[in-house]
There are 2 protein chains.
Amino acid sequence: ATGADNDLYINQAVVFIEDAIQYRSINHRVDSKSLWLYRWYYSRICQWILGLTITIILALAFIETPSSLTVTSDVRYRLPAWDPPCGLTESIELLCFFVFMVDVSVKSYLVGWEEFWKNKWLMAYILTLIVSLTDWIVSLSFFCTETVRIRRILRPFFLLQNSSMMKKTLKSINSTLPEMASVVLLLAVHLSLFTMFAMLLFARTKDGQQDNERVRYFRNLPDSLTSLLVLLTTANNPDVMIPAYSMNRAYSIFFILFTVLGNLFLMNLLTAIIYNQFRGYLLKSVQSSLFRRRLGIRAAFEVLSSLKETPANAEQSCVSVGALLQVLQKVEMDSHCKQAIMRSLKICSSDQLLAAQFQKLFEELDKDAIKQHPPSPEYQSHFMQKMQFAFGHPYFGYLGNVVALANIVSICVVLVMDADKQPSERDDFFLGAINCFFILYYLLEMLLKILAMGLKRYLSYPSNRFDGLLTAILLVLEIATFAEYGFPHPGWRPEFMGLLSLWDMVRLVNMLIVFRFLRIIPNMKFMALVVTTLLDLVKNLRAFAGILVVVFYAFAITGVMLFKGAVVPIGNIRKVVVLSFKEKCDFMSSVTFRLRLFAAYFIYLLSVNLICRWAKIYFVAWWLISSVIWVNLFVALLLENFIHKWDRRCHRASLSDIEYQRTVELMFRDVLEEPTEEELMEKLHQHPHLHLCR
Amino acid sequence: ATGADNDLYINQAVVFIEDAIQYRSINHRVDSKSLWLYRWYYSRICQWILGLTITIILALAFIETPSSLTVTSDVRYRLPAWDPPCGLTESIELLCFFVFMVDVSVKSYLVGWEEFWKNKWLMAYILTLIVSLTDWIVSLSFFCTETVRIRRILRPFFLLQNSSMMKKTLKSINSTLPEMASVVLLLAVHLSLFTMFAMLLFARTKDGQQDNERVRYFRNLPDSLTSLLVLLTTANNPDVMIPAYSMNRAYSIFFILFTVLGNLFLMNLLTAIIYNQFRGYLLKSVQSSLFRRRLGIRAAFEVLSSLKETPANAEQSCVSVGALLQVLQKVEMDSHCKQAIMRSLKICSSDQLLAAQFQKLFEELDKDAIKQHPPSPEYQSHFMQKMQFAFGHPYFGYLGNVVALANIVSICVVLVMDADKQPSERDDFFLGAINCFFILYYLLEMLLKILAMGLKRYLSYPSNRFDGLLTAILLVLEIATFAEYGFPHPGWRPEFMGLLSLWDMVRLVNMLIVFRFLRIIPNMKFMALVVTTLLDLVKNLRAFAGILVVVFYAFAITGVMLFKGAVVPIGNIRKVVVLSFKEKCDFMSSVTFRLRLFAAYFIYLLSVNLICRWAKIYFVAWWLISSVIWVNLFVALLLENFIHKWDRRCHRASLSDIEYQRTVELMFRDVLEEPTEEELMEKLHQHPHLHLCR
C-alpha cells in the first residue's frame, strides 16, 4: 500500500463514518474522485439547494394560472388573482429541472451502473424528468394555452424520492394494500347488497309522502349507491333515515343494520388491519437504521485496518489510534460527540484498536445528549442573595401561573359581558386597563427571573424563552397601541381595521399567555405520558406527513384541472352552495391540510347530488385515501407509540430530573438487537465497489 | 362418616361439578338443604323465570303512559298510543318485584351472612328493590299521575346484576375510567382554550357580513362552546368554517388546528388508552373462568375423597370409580360429554383415581365438539348412484351460486330499467316471470340435493338449512301471490298495500338468496379470517351489548321524563325540525339500538341551537358515552380479537376440514396457564362453608 492508497483509505473511512452518522447506505463508489463527489453531494449546501428547488417547484402551483391566492375565497368579493406572463413560471421550472437532472446524474454515477439498473426509484426519477421536460416543451409550443399539464401532477414525486424515510414508509403502506383491498372489497359487497335492498324497500311504493324520500335519496341505482356511501361516512346520518322512520319505525332496522355492519365492523376492521401491519413498523425501521450505523463504522474499521502502518503480524486486524485521530479530524460531526470520542481515545491504553473497541468508541453517537443548564450567578450582597432565593424559587413560577389564570378569567368575563351588547355600546376601557396591568406584571416577572437566574440560565429553559418572547411581543404591541390610540380611559374604543387590528393583536397575544398553563402538565403523571406521546408522534409522523403532502398535491392539481371553471354562480337559488363549491375548487390550489377538512364537505355535496359522476369518483377516491386510509394509519401509529410508552413507563423509574433529547432511536434502545459480526462482514463483502483484501 | 354424610358428600360433589361446568363460583353453603335450594335456584326453569321477569320489567316501558309504540313516528299522522289503565302496569311490576325479592333472598341465604356483607352487588340489589317499592307505593298513592318515576331508571340494574360477565366487564371499564378522565380533561381544556380564541377571532368585528357567522355560531360563550363541541363530532364540519373561510383564508388555520388537535390526536388517544387497558382483557377473563372450572372439579375430588369407602391407608387422597359414577349419574351436563367421561372411566385400569387423573377425566369438558355429518344414503341402482355423484358434487353447488347471481343481476336490471319510469307505467310481468323461474330452480336444487345427500346429511349443514328455509318461504309466498293476483302476464301489476305487500315480500325474500354468495367467503383466505373475526366478536360482545342496553335504557327513560311534551309543533316555519325533535323524543321510548344513530342527530340539533341548555348537557353526556366511549371499547375489542387471530393464523396449519364449535375458551387454549395444585388448595381452604378435614 502506497501513500496515495493511504490517503484513499483515510478518505474512505471518513465517508463511511459520515454515512454511519447520517444512517446512509454505504453502497456507493469508493474511488478518490467519487468520494470527493459524494462528500460534495451530501454537503449541507448541496442538500439545501436541492431542498429549496423541491420547495420552489411545489410552490409554483400557488401562482400558476388557474390558481387563486387571494385573501378571501368568496368569488363575489375577491379581486382577480395575479396572472403571471407566459414563460415566467416555465423558466423557473426549467431551472428546477436542470437541478434535478444534475441530482439524478450524480446519484446514478455514485451508485454505479450495476446498482442503477436494480434501483427502481432512480429509473422512475429519470422517467419523471423525461415526461416533465416533454410536457414543458409542449406547453411552451402552445404558448401556455393548453389545459392538461401532466408535469404538475408529477411534481410531488421529486419530494418523495428525496427522502429515504418516506420511501420506506411507502413500502410499508404498499405491503398493507392487499389486506386493505380485501376489506374494501367487503365494503363494496356490503354497499351493493344494501343498495339493492334499499331500492326494493324505498323505490317502489306509490305513497305520495314517501315519494319525496325516494326522489331525494333512492331514485335510481347511482343515487342509492351514493346515499348509502355517504351514510357510511355518517355525513348525512339522520337526514337520510328520518323520512323512512317517519313512515314506519320498522324501516329503521335497515339503517341500523347498515350502519352497524358498515361503520362499526368493516370500517374498524380496516383500523385493526392497518394497526396489525404497522405493529413493529417503527421498531423495524429503527433496527435497520442501527444496522446501517454499525455497518458504516465497521466498514471504516476494515479500510483503516488495511493501512500500511498496521503491524502485519497481528492475529486480528486492528487500527492504529493515530489513523483514527486523522480520520476524526476530517469527519463532519457534532462537535460535542467528536470531543467525547477524542477524549476516550486519549485515555485508551493501547495504540492499536480492535474491532469491538472501535465500535465501542462510536457508541457515543447513540447516547443521549444530557442537557446541562448554566449555573446561576453568585451574588456577593446578602440582599441580592435573598432576592435570588425568592425569585428563583418554584413558588414564584406558580404565582406567575396564577396571575396568568387571573388574566384569562378577566378576559373571559369581559367577553361574556360584551357578548350580548351591540358593538356600538361596548367599552374597551376595562379590557385595556387589564391588559396594561398584566403586561406590566409579565415584564416584571421576566426581569426578576433574569436577575435571579442570570440571562444564560434563564434562556436555557424553553419555557422561559417562550414566556420572554411573549412578553416582548406583548410589550411592543401595547406600546404601539398606546402610541396609536392614547392611554385607556372610560369610553375608549380603538378602531378596527383589516384582518386583525392592533388592538385585536394585543388580545390574541394575551391569549397566548394561556399556554403558560400547559407547563403544569408534566407535573401530572398521566398527562405527562399523554403529552410526551403526542410530541413523539409528531416526530415519527414526518414521513407520513410527507406522503400526505404528496397525495394532497397530486389530488389538488388533478382537482384544479378537472373542475376549473366547471361551476359558476347561477342565479340566486343555489348561490351559496354553488359558490361554496367554486370556493372549494379554488381551495384546492392551496396545497395544505385544508383538503383534509374539505373531504367531508364534498361528501356533503355528494349527498345533495349537486355534482356530476366524474366528480363523484374523484371525491370517493379522495375520501378513501384521506379519511379512511390516512386516518387509520395515524391511529395505528398512535397506538404503536402509546402502547410502547406505556409498557416502558411500568418498567423504569421516572427520569424527570434530567432533560433528555429523546429520539425514536433512544425510545427503542432497550429492545434493539445489535447486529452480529457475521452479518456485518457478510454485508461488507457484498459491497459492489469496496473489495476487502481478505 | 355415616351414610347420611356419604349422601351429603355425593351431593356436594354433584353441585361442585355443575359449578365447574357453568364456570360458577363454589363459595356457597354446602349443607344438604342449601344444596337442594342451590340446585333448584340454578335449575333451568328457575333461571328461565328470572330471565323472563327481567325481560317483562324492561319491556314495560313500551306500553307505559308516556310511550308511543305506533307504526309511524310522525306526530301528524300517527294514532294515539294505547293508554293502559292505572294499576295494570303497576301490578305487573309488583309481581316482578316479588320475583326479585325471592331471588335476592335465596342468593343472600346461599352465600351466607359473612359473604353477604362483603358482596356490594347484593347490597345494591336490595337497596334498588327498596327504592323501587317505595317509588311504587308513592306512584299508586298518587293514582299514577306523578311524573318522576325513579324506579324506571333503576330497572336496567336487574339485568346488570344477573350476569356475571357483565359485572366483570363493568369492573374492567371502571378501571379504565381514571385514564379516560385525563383525556376528557385534556379535551375540555382544548375546547375551552379554542372557544376563547374563537370568540376573540370572530366575536368582535363590525363587518356586516361576518356578523352573520357570529350570530350563528359564536354569539356568546355557550354558543361558541357548543359550536366547537359539535365540530369535535364533525357533525357541522364544513358549515361552521365556510363563512370564516370566505372572509379570509387565514381563518382556516384556526379550524385546522382545532380539528387536528381535537379529532386526530385527542380522540384517537382515547382509543389508544382504552385499547391498552383492554389488551389481555379477554385472556384474563378466560383465565379466571378456567380457574373456576378447575377449582370446582378439585372441590368435588376433595369431598369425594373423604367418603368412607376410600382406603384410609393411602398416601395420597383418592376417589373410587364407583363414587364418581354415582355422582356423574346425578350431574346435569351435556350428554355427549357425559358419555365420553363414562367411556374413559370404564377403560381406566385402577378403581381408585388420583387428583390428576380426576382432573384429566373432566378435561373432556374443554374439548371441541367435533361435528360429524351423517353419511349419504347408499343407493342400489346404478342410475341413482350416478345421480348421487352428479348432484352431490361441489360443482352442483357452484351452479346454484351462478344461478343466484343471475337472479340478482336480473333483479338489478329490472330495478334500473324501472327507476326512471312513472309508477303507473311500470310492468311487473318480467319480474314475476323471473321470480317464477328462479323459485322453480331453487326448489329443484333442494330436492336433488336431498336425493343425493339424504335428508339428515342435507340438514346437518347450516348453509343447506338456510337455503332450504329460503326456498320454502319463497315457495309459500309465490303460491300465495299467484292465488291472490293470478299468473303473471304482460301488464300484470299486483297492488300495493300496507308496509310490504305480498309482492314486495317475494322480492325481498328473493334478495335473501344473495346471501348464498356469502358462502364462498370461507374459500378466500383473508376474507375467511375477517369473517371469523367478526363472528367471534359478536360472541365476545354479548357482555358489552348488555351494558350498552343498560345505559341506553337509563338514558331513554331519563329522556322521556325530561322531554315529555316539551316540544310541540309551532306553526309552519320550524315544523320539520321541531317535528323531528318530537319524533325523536318518542323515539327514545323504544329501547333499541336506534339511540346510537340518533345521538348524531341530536348533535346536529345542538348545532342549530334549537334545544335548551339542560337538553344540551343530556345529549353531550349521551354523545360521550355512546359515541366516544362505547365505540372505542368496540374498536379495542375488535383489535384484540383480530390481532390474536392473526398471530394464531401464522402459527398453525388451517383446520378447515373439521368444523369446530369455536368458543372464546378454545381460541385462547394455547396461551392459558393451568392453575397449580397449591393455588387450588389455598383457594379451597379459604372456602367459607366447606371445611376440609385435613
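Residues numbered from 1 in each chain as written. Chains lettered and ligands numbered in written order. Predicted model: local features only at pLDDT ≥ 70, side-chain atom pairs only at ≥ 80, totals over all residues. Heavy atoms only, no water.

Quick notes on the overall build of chain A
When helices and strands are counted, chain A shows 30 helices and two strands. Taking all 694 residues of chain A together, 51% fall into the buried category. When the accessible surface of chain A is summed, it comes to about 33200 Å², and 65% of that surface belongs to carbon and sulfur atoms. (Helix = DSSP H or I, 4+ residues; strand = E, 2+ residues; numbered from the N terminus. Buried < 20%, exposed > 50% of the residue type's maximum accessible area, 1.4 Å probe, protein only. Areas by Shrake-Rupley, 256 points an atom, 1.4 Å probe, with all protein chains shown as cover.)

Comments concerning the packing of helix α2 (residues 32–41) of chain B against helix α4 (residues 88–111) of chain B
Residue and element names in this part refer to chain B. Running from N to C, α2 and α4 cross one another at 135°; their axes reach a closest spacing of 11 Å. One element, α2, and the other, α4, form an angle in the oblique class. Seen from above, α2 lies across α4 with left-handed handedness. Across the interface between the two elements, S34, L37, Y38 and Y41 from α2 touch D103, V106, K107, Y109 and L110 from α4. Residues belonging to the contact of α2 with α4 are distributed by class as follows: six nonpolar, one polar and two charged. (Axes fitted to C-alpha atoms, helices over the stretch in contact; angles between N-to-C directions. Parallel < 35°, antiparallel > 145°, perpendicular 65-115°, else oblique. Left-handed = near helix turned anticlockwise from the far one by under 90°. Contact = heavy atoms within 4.5 Å. Nonpolar A, V, L, I, M, F, W, Y, C, P; charged D, E, K, R; others polar.)

Section: the packing of aromatic side chains
All chains considered together, the criterion is met by 45 aromatic pairs over all chains. Between the aromatic rings of W121 of chain B and F157 of chain B, the centroid separation amounts to 5.9 Å while the plane-to-plane angle is 25°, which identifies the pairing as stacked. With W121 of chain B in helix α6 (residues 120–141) and F157 of chain B in helix α8 (residues 156–161), this residue pair connects regions lying 36 residues apart in the sequence. W121 of chain B gets classed as partly exposed once you look at its relative accessible area, which sits at 27%. Joined through ring pairs, the aromatic side chains of F97, F100, W121, Y125, F157 and F158 of chain A make up one cluster. The lysine or arginine in question, R29 of chain A, covers the ring of Y109 of chain A, its NZ or CZ lying 4.3 Å from the ring centre. (Phe/Tyr/Trp six-rings, centres within 6.5 Å; stacked < 30°, edge-to-face > 60°. Lys NZ or Arg CZ within 6 Å of the ring centre and 35° of its normal.)

Comments concerning the pattern of salt bridges
Residue and element names in this part refer to chain A. With the rule as written, the count across this model stands at 20 salt bridges over all chains. The salt bridge involving E674 is made with R294; its shortest N-O contact spans 2.7 Å. Remark: R294 occurs in helix α14 (residues 281–305) and E674 occurs in the loop between α29 (664–667) and α30 (677–685); sequence separation between them is 380 residues. Take E674: its relative accessible area is 47%, and that puts it in the partly exposed class. Residue classification places R294 among the buried positions, given a relative accessible area of 6%. The partner of R298 in a salt bridge is E677, with the nearest N and O atoms 2.8 Å apart. Here E677 lies in helix α30 and R298 lies in helix α14, a separation of 379 residues in the sequence. (Salt bridge = Lys/Arg side-chain N within 4 Å of Asp/Glu carboxyl O.)

Looking at α4 of chain B
If you check α4 of chain B, its first and last C-alpha atoms are 35 Å apart, about what 24 residues at 1.5 Å a residue would give, namely 34 Å. Following α4 of chain B by one or two positions, G112 of chain B adopts a phi angle in the positive range, close to 90°. (Expected span 1.5 Å × (residues − 1).)

Quick word on a nonpolar patch on the surface
Residues and elements named next belong to chain A. On the surface, I45, W48, I49, L52 and I56 cluster together into a nonpolar patch covering about 490 Å² of accessible area. Mapping W48 onto the fold places it in helix α3 (residues 44–59). For W48, a relative accessible area of 56% gives the class exposed. (Patch = residues over 30% accessible without salt bridge, like charges linked within 9 Å, V, L, I, M, F, W, Y side chains within 5 Å.)

Focus on a negative patch on the surface
Residue and element names in this part refer to chain A. Together, E673, E678, E679 and E682 make up a region of like negative charge exposed at the surface. Position of E678 relative to the elements: it lies in helix α30. For E678, a relative accessible area of 58% translates into the label exposed. (Lys, Arg positive; Asp, Glu negative; His and termini not counted. Charge placed at Lys NZ, Arg CZ, Asp CG, Glu CD.)

Considerations on the packing of α14 of chain A against α30 of chain A
Residues and elements named next belong to chain A. Viewed as axis vectors pointing N to C, α14 and α30 meet at an angle of 70°, and their least axial separation amounts to 10 Å. On the basis of the axis angle, α14 is roughly perpendicular to α30. When α14 is examined against α30, the residues F291, R294, L295, R298, A299 and E302 are found in contact with a partner set consisting of E677, E679, L680, M681, K683 and L684. In the contact of α14 with α30, the residues fall into six nonpolar, no polar and six charged.

Section: the confidence of the model for chain A
Residue and element names in this part refer to chain A. When pLDDT is averaged across chain A, the result is 75; 73% of the residues are at 70 or more. Considering each helix and strand of chain A separately, the mean pLDDT is smallest for helix α26 (residues 575–589), with a value of 37, and largest for α3, with 92. The low-confidence segment residues 566–610 (pLDDT under 50) makes 103 contacts with residues lying over four places distant or belonging to another chain. Both scores are given for the predicted complex: the pTM is 0.73, the ipTM 0.74. (pLDDT = per-residue confidence, 0-100.)

What about the state of the cysteines?
Residue and element names in this part refer to chain A. Here the structure, examined in full by the defined rule, presents zero disulfides over all chains. Free of any disulfide, C96 has its nearest cysteine sulfur in C46, 16 Å distant. Judged by its relative accessible area of 4%, C96 falls in the buried class. (Disulfide = S-S within 2.5 Å.)

A short note on the environment of I479 of chain B
Take I479 of chain B: it is sitting in helix α22 (residues 462–485). Placed 43 residues apart in sequence, I479 of chain B and C436 of chain B show a C-alpha to C-alpha distance of 9.7 Å.

Here's the deal with the environment of G322 of chain A
Residues and elements named next belong to chain A. Position of G322 relative to the elements: it lies in helix α15 (residues 321–330). A residue is classified by how much of its surface remains accessible, and G322, at 45% relative accessible area, is partly exposed. C-alpha separation for the pair G322 and V240, spaced 82 residues apart in sequence, amounts to 79 Å.

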